[in-house]
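Structure assessment
The lines below spell out each chain.
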Amino acid sequence: MKIKEIKLEDLNAEKFIEEKTKKISSVVGDGLVVNALSGGVDSAAVTMIGYKALGDRLKTYFVENGLMREREAQKIVSLFKALGVHVEIVDARKEFFSALKGVTDPEEKREAITQSFYKDIFGKLVRESGAKYLLQGTNYTDVEETVAGIKRQHNILEQIGIDTQEQFGYKVLEPIIELRKSGVREVAEALGLPEEIYNRPPFPGPALAARVIGEVTPERVEIIRIATKIVEDELWNSGAFQYLAILHEDRVTGIREGKRDFGMQIEVRCWESKDALTGSPTRLSYDILDKLAQRITTEVSGVVSVTYNITKKPPSTIEAV
Ligand code: XMP
């Protein structure tokens with residue numbers, strides 16, 4: 001792989017920020033840059049570096065693709081407002097759901113999301129603004145997993161031979177591409193981001209679509225959105241690396257009010273990991289698991305079964321898609 005990793009022990013966050021800020025200023029000159037902010041630690045850190053370098057010449061967008069967690073857009077906009085960064089919400093729900101219609105294969109789903117993001121949404125935003133660059137928070141692990149052929153991470157483009165200028169009409173700037181998550185967290189803290197951001201558990205680029213097995217429809221995303229909220233409520237203080245809910249495609253027979261109910265299954269995963277490359281399930285107490293099952297089967301309509309993943313990565317991966 002061409003990109004060289006900066007290991008945590010070799011990282012000087014202040015120096016890193018200074019170097020990347022200078023680099024962005026010199027590459028961009030007096031032009032404009034469009035910035036993709038999802039609210040995760042990677043894109044948040046990159047937004048702050050870009051803002052330091054370019055100020056108002058950085059146009060930051062939060063793409064509401066209909067696949068995000070509950071109230072995510074509003075939360076991120078107000079958090080960045082407090083830091084002086086204006087974030088515009090782009091409503092792209094229609095584009096994403098129509099690209100995902102009828103798609104069930106995991107890699108095809110990822111490809112549909114990549115095309116919607118980069119070609120349709122950012123292609124249009126870049127064209128309309130007259131910018132030449134898109135700034136985004138790709139990290140070292142994203143590249144590694146994609147290049148190794150494990151999963152095509154939604155944000156990997158040039159590293160797998162995609163000429164973004166030719167295909168989408170802009171170049172991509174990726175200031176944190178040499179860092180893993182732990183390094184990004186250090187940089188994010190040094191940038192003055194609040195702890196709720198720099199310590200935020202990872203969330204995948206394809207968002208809740210990575211947690212819906214089978215077709216991604218607004219109705220199925222809503223189910224996993226509610227289950228995700230419950231899992232996050234119950235596990236935020238578990239100390240785990242990441243925790244999530246997955247909606248399965250297969251239905252199973254259950255009982256509701258004494259009658260047969262052929263209902264949905266939700267799988268809960270909770271991971272111990274350092275860098276997402278390998279992981280093992282957290283040994284959650286049975287009381288916690290019991291509470292999760294109780295809440296999910298009562299609060300998420302139509303769910304009759306909740307399971308807990310006990311498989312390590314590998315052979316599992318962290319997300320289901
Ligand atoms: P997997 O599921 O491959 O996930 O074990 C490893 C880590 O990466 C996150 N993830 C993604 N992040 N774009 C991203 O920016 C993606 O397409 C993507 N897919 C997975 C996942 O949540 C985990 O932390």
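Above: the structure in question.
So, a few notes on the structure that sits alongside this text. These numbers come from a predicted model, not from an experiment.

Within the protein one finds 11 helices and 10 strands. Taken over the C-alpha trace, the protein has a radius of gyration of 20 Å; the compact-globule value for 321 residues is 20 Å, and the two agree within 12%. Put simply, the protein has 45 plus and 50 minus side-chain charges, and the middle of one group is 1 Å from the middle of the other.

Take the site of the ligand next. Neighbouring residues of the ligand: 16 residues in total, closest Glu145, Lys151, Lys313, Ile318 and Glu319. The separation between an oxygen atom of the ligand and a polar side-chain atom of arginine 110 is 2.8 Å. Within the side chain of glutamate 145, one N or O atom sits 2.6 Å away from an oxygen atom of the ligand. Isolated, the ligand exposes 500 Å² of accessible area, and the fraction of that covered by the protein chains is 93%. When atom positions are compared with the pocket grids, the ligand is found to occupy the largest cavity. Broken down by class, the residue content of the shell around the ligand amounts to five nonpolar, six polar and five charged.

This paragraph deals with the sheet that holds strand 4 (residues 133-135). Taking strand neighbours across the sheet as the criterion, the five strands line up as 3-2-1-4-5 in an open arrangement whose pairing is parallel. With partners counted over all chains shown, the strands left at the sheet margins are strand 3 (87-91) and strand 5 (171-173), one partner each. This sheet shows a mean twist of 35 degrees between the axes of neighbouring strands, independent of strand direction. Of the strands in this sheet, strand 1 (33-36), strand 2 (58-64) and strand 4 are in contact with helix 2 (residues 41-54), which crosses strand 2 at around 155 degrees. Along the sheet face, helix 5 (residues 106-129) touches strand 1, strand 2, strand 3 and strand 4 and points at about 145 degrees away from the line of strand 1.

To continue, consider the packing of helix 2 against helix 8 (residues 181-190). Contact pair helix 2 / helix 8: the axes reach a minimum separation of 9 Å and the direction vectors enclose 40 degrees. In this view, helix 2 runs oblique relative to helix 8, as classed from their interaxial angle. Considering how the two elements wind past one another, helix 2 and helix 8 form a crossing that is left-handed. On the side of helix 2, the interface is formed by Val41, Asp42, Ala45 and Ile49, while helix 8 contributes Lys181, Val184, Arg185, Val187 and Ala188. Counted by class, the contact of helix 2 with helix 8 contains six nonpolar, no polar and three charged residues.

Parameters and conventions
Residues numbered from 1 in each chain as written. Predicted model: local features only at pLDDT ≥ 70, side-chain atom pairs only at ≥ 80, totals over all residues. Heavy atoms only, no water. Helix = DSSP H or I, 4+ residues; strand = E, 2+ residues; numbered from the N terminus. Rg over C-alpha atoms; globule rule 2.2 N^0.38 Å. Lys, Arg positive; Asp, Glu negative; His and termini not counted. Charge placed at Lys NZ, Arg CZ, Asp CG, Glu CD. Near = heavy atom within 4 Å. Polar contact = N/O pair within 3.5 Å; in protein donor to acceptor, adjacent residues only side chain to side chain. Areas by Shrake-Rupley, 256 points an atom, 1.4 Å probe, with all protein chains shown as cover. 1 Å grid on protein atoms, 1.4 Å probe; cavity = no way out; pocket = protein on both sides within 12 Å on 5 of 7 lines; lining within 4 Å. Sits in = over half its atoms within 2 Å of the grid points. Nonpolar A, V, L, I, M, F, W, Y, C, P; charged D, E, K, R; others polar. Pairing = 2+ DSSP bridges. Axes fitted to C-alpha atoms, helices over the stretch in contact; angles between N-to-C directions. Contact = heavy atoms within 4.5 Å. Parallel < 35°, antiparallel > 145°, perpendicular 65-115°, else oblique. Left-handed = near helix turned anticlockwise from the far one by under 90°.

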